[in-house]
Every structure is written in structure tokens, then in C-alpha cells.
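# Observations on chain architecture
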Amino acid sequence: SMHNMVDQGPIMVGRLKNCNLTSTLKENDKKTKKYVKNNKCGTAFQDFSKPCSTQKFDPNFDTNIEDNIKIWFNNKWPLSPVVYLNGINNVILRASMPKNVSKRYGIKLTMHGMNLTLKQMQTTLSQKAATGLLHSICILFSLSFVPASFTIYLIEDRVTGCKHLQLLSGVNWIVYWLHTYCWDLVCHALSAIICLVTLLCFQEEAYVGANSLPCMTLLILLYGWSNIPLMYPATFFFKVTSSAFVALASINISVGVLTTTTTYVLRLFEDEYLHAIKNALSNIFLIFPHFCLGDGLMKLAESYFLTTTLAAFDVKIKVNLLAWNYLGKNLVFMFVEGIIFFIAVLCYERFQRSLGFCSEQLMSLEPPTNLDEDVESERKRILDLHAENEVLIMKCLTKVYKPQKYVAVNQLCLGVDKGHCFGLIGLNGAGKTSTFKMLTGDTSITFGDATVLGHSVRDSLNSVRSRIGYCPQFDALDSKLTPAEHLKLFAYLRNIPAENIPDAVESCLKCFDLWRYRDVCASYLSGGNKRKLSTAMAILGDPQLIFLDEPTCGMDPKARRF
């Protein structure tokens, strides 16, 4: 409608509320009256003070038509022709009236649009749905990097051996993964808050309105709940953190965009067969958290556009966003998937080391020949079960690396008494490190068994780990922790009383001449000082059995006497 007609001169067009005339017609009463009386042509954009002779007309123009006025309008607004026509009618009206009364009169324009047809409504909603698709892709793209980034530290933990040392120090493997999962969920929640705040700043009512904000929050949080454990299996296979991050982020983006876009495109066709395919794919794609999030975002946007479009025609509808066929299905699937994926990670962690065990019937190794006399007697003693009081017993301990079937350790038999220091000496590749890895559970035992204080490594690995200390061949240190923080952390893991931890940490630091480096990050320590720290962590808490794999490698001559 046009309201509040206010004159800006004798023949001014009134200002239009909610309308914007691209030009204000200004001219005095005399020139305008003369212009109208002469029946010449003009334009709503033209200055009436200019001669009409400057205008160019169509040669086919009918000169017999009187009162001819040409109107130029902005065609970007559908209502422009009507509004501009009403504007020039007001010009003619007021120019034709006496000056003293022209201000009192004006033409008020009221327009009512026709209702949209069903096809027009579907077209409008489809166009707005495309906006929802763009929004969902953008949010999927940003959130794809968050779960992938959580694998970086876990891969570093596994590759460097920090995870193995933590498990050896008494950390239960279930607690390890629960702690990791909970911490990653907290970090993902922070990312979700940033995402929601950004949408609030841009006033995207489709996602952060009064009704949609709780559903939007649930979608993002449950996406993290389900997708984070889906990323964990990659930590068992990747060795380079950057490769893992790029690969997982790319997979997240590809799966999310492809599944969401596929179902959207199929909806655009009116073919019933294609609609049936779309419905089937929508149910199949629910196994992917990425699709659950993308599809849920599109449904939120469609619900908002539908309600706002119908509200313009005084049609009010109420949509239950949490209904099963709306967002309820997506939310439930993501919640269940999170539980399933996390249980799958725990199962793989539990059984991965048992996969390499072989039974005696599958082994075809010949017993070692040409043994020294003392080695032969030790082997006979162990096999005859005359070694029951030793702290460590290895009986036919064997390691075969597949698929090359390389025999690293061939039926090793020996026993170590309490209070003894026993050394393994051999050439490079003789199997010393492989033996330590089998004894600490870092790799599977192909054949045979070993017992630590009566507990089998194959059957009671957790009991064995709580009784040993281990200094691996390569330093298993966190580059962001200092020597004091390393020792304090492992003191807590070894259940040393809290009141004794400061004295135990200080004693280890001074014993290995690390006191002056106690507040230096491990990444800045020299190779020798890293070996000192690894050895100090192995003996911290006085474990009953200590394994030291080349502990003095890289140390200076003085430090080797420690």
C-alpha cells in the first residue's frame, strides 16, 4: 500500500511507505501544468525543466493519442509498474488542480497479491530448500575437521609408545578409551557452541529460532557422539598423523555431501520410481552420521521456510520437529551408532593382540639345534617344570612376523630368579626387542608363553603389566610435557600415594641428573637426557620386574653408571 502522502512542492509525488521510487519528481506548478496541457511525452525519471525535443521516440508512435506520458520503472521489483503508474497519476492529479488545494488530494494505492498455485508453492519451497542444502553443506564441511583432528594425538600416542607405557603403568584399557571419548566430546561441544553462536550472529532463524535451536543443538552434539568413535579405528592403522587427518576429513566431507546431495536431487523429480529410490536411500544412508546431520539440517530449514511462507497467507501450521519421520529418526540413529561404534573400538582393542596367537598344531618350526651346553641345560630345566619360583619364566617363546613368516624369536626358554640382573646379548635383529615387546604385551606371542610372578602374559596380561616397569628401545615421551610432569603423571598411574609423589619425583630427577631440566619440554631435551627420563620412568615406584631395552644408548659415560 501507499501511505503518508507528503508533498515536496506544488506537484510532488507522495513518499511511499515500503516502496522506493528511484527518482523524485521535482518541478514547479507552472512548468508541469504547461507540460500536461501540451500533451507532450515525458518520463518519471525526467527533469521537466528540460525541453521535450531531446526525447527520442519510436517512429511508429501514434501521434493521435492525447495525454501521452512514458514511464520508466525499475523492473527488478514486480510491483514497480503499478507503483510508478500511481506516482505519475498523482503528478497529473495535482498538476491539474489549483495550487491552493493540490496538497489536499492524492491517490492511495492498495494492492493484494494472488494466492500461489500448488505448482508455484512447490517451486518456491524447492528454491528455498536449495538454500537449506547450501547451509547444510557448509556446516558439514566445517564439522568434518573436528572429529578427524581428535585422532592426531591418539596416533602419536600409539606410534611413540606413550599409550603402551600408560597401559603398563596400570591404566585400564577401557578407562583409557572412556577418558579419551569423554574429553573429545567436551572439545566437540566447544566447537558446537562456536557454530551456534555464529548462526545466532547472522540471525539464521531457520536453525537458531525458538523452536529449532534445541533440535539444532541435539543434531550437532549427537553428530560428535556418533562420528568421533567412528574415527577411532583409524588410529590403529595410520602411522603419520597428517595423512590420517587429511584422509579422515576428506572422507567425512565426501560422505556427508554426496549422501545429502543425492537425496535432495532425487526429490526434485516427480517420477514415483525415483521417489521410491530416494526413500530407500534415505533409510540406508542413516548408518552414516554425516547424512543424519545433513538431512536433519535440511529438514530444519524446510520446516522454517514452510511455516513462514504459509504464515504470509494467514495459514498457521505447527510442525513437531522431534517426530519420528522428521528429526526423531536421525537423532535416534546417531545415538545408537555412537554406542555401537564405541563398543566396536573396545572389542578391537581387546582382541587385536590375540589375533596373532597360533596353536601348537599350526606351528611347524623345528627346535633350535647346535645350542651351547648351558643354553641346552636351561632349556631342559624350563621344559621339565623345575623352574617354578622364578620371577620370570619364558617357555618356548616364539615370534613369527607375517606374511613373510620371518622368525624373530625361536622357542626361547629361560628363567630369571628374584634379585638377579639378566642381560640379553645378541647381534642386531637377533630378537631382543621382539622379546621385550612380547613380554610387555606390545606385540602378540606366536607360540609358547611367558609368566611374570606366576601370571601368564597370554592369559593375564593386565596382571602382568601392573607388576613391571619398561624402558622401550625408543623414547616414549610426550613432547609437550616436562620431565617433572612425566614423572608426576606416571607416579599417579602407578598408584603411588599422593603425599609421596613430590619426594619420589625429586629423587628420580636428582638420581639421573635431570633436576636442572625438570621444567624443560621433552622435545627440547638431548637424546641422552631423553634416555635418562625413560629409564627414570621405568624404575619409578619400584616395580617388581624391570625391562630395560638399551637404556644407556646415547648417554654420556658418566650417566651410564647410574
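Read on for an overview of the structure. (Residues numbered from 1 in each chain as written. Predicted model: local features only at pLDDT ≥ 70, side-chain atom pairs only at ≥ 80, totals over all residues. Heavy atoms only, no water.)

So, on to the overall build of the chain. A tally of regular secondary structure across the chain gives 17 helices and six strands. A buried classification covers 41% of the 562 residues belonging to the chain. Considering only contacts within the chain whose residues lie at least 6 apart along the sequence, 68% involve residues at least 24 apart. On the chain, roughly 31700 Å² of surface is accessible, and the fraction owed to carbon and sulfur atoms is 58%. (Helix = DSSP H or I, 4+ residues; strand = E, 2+ residues; numbered from the N terminus. Buried < 20%, exposed > 50% of the residue type's maximum accessible area, 1.4 Å probe, protein only. Contact = heavy atoms within 4.5 Å. Areas by Shrake-Rupley, 256 points an atom, 1.4 Å probe, with all protein chains shown as cover.)

A separate point is the pattern of salt bridges. A complete count under the given rule lists nine salt bridges for this structure. Residues glutamate 390 and arginine 381 are paired through a salt bridge, measuring 2.7 Å at the closest nitrogen-oxygen approach. Looking at glutamate 390, the relative accessible area reads 12%, which means it is buried. Between arginine 518 and aspartate 519 there is a salt bridge whose closest N-O contact spans 4.0 Å. Arginine 518 sits in the partly exposed class, given a relative accessible area of 29%. In this structure, a network of salt bridges that share partners links the residues Glu378, Arg381 and Glu390. (Salt bridge = Lys/Arg side-chain N within 4 Å of Asp/Glu carboxyl O.)

Our next topic: the sheet that holds strand β1 (residues 392-401). One open sheet accounts for four strands, arranged β2-β1-β3-β4; its pairing is antiparallel. Looking at which strands have only one partner, the edges of the open sheet turn out to be β2 (406-416) and β4 (455-456). Relative to β4, strand β3 (residues 447-452) is paired through two bridges, and the arrangement is antiparallel. When the bridges of β4 are listed, valine 452 appears paired with histidine 455. The strands that helix α12 (residues 373-383) touches are β1 and β2; relative to β2, the one it contacts most, it runs at about 75°. Along the sheet face, helix α13 (residues 432-440) touches β1, β2 and β3 and points at about 115° away from the line of β1. (Pairing = 2+ DSSP bridges. Axes fitted to C-alpha atoms, helices over the stretch in contact; angles between N-to-C directions.)

Read these as geometric descriptors, not functional statements.
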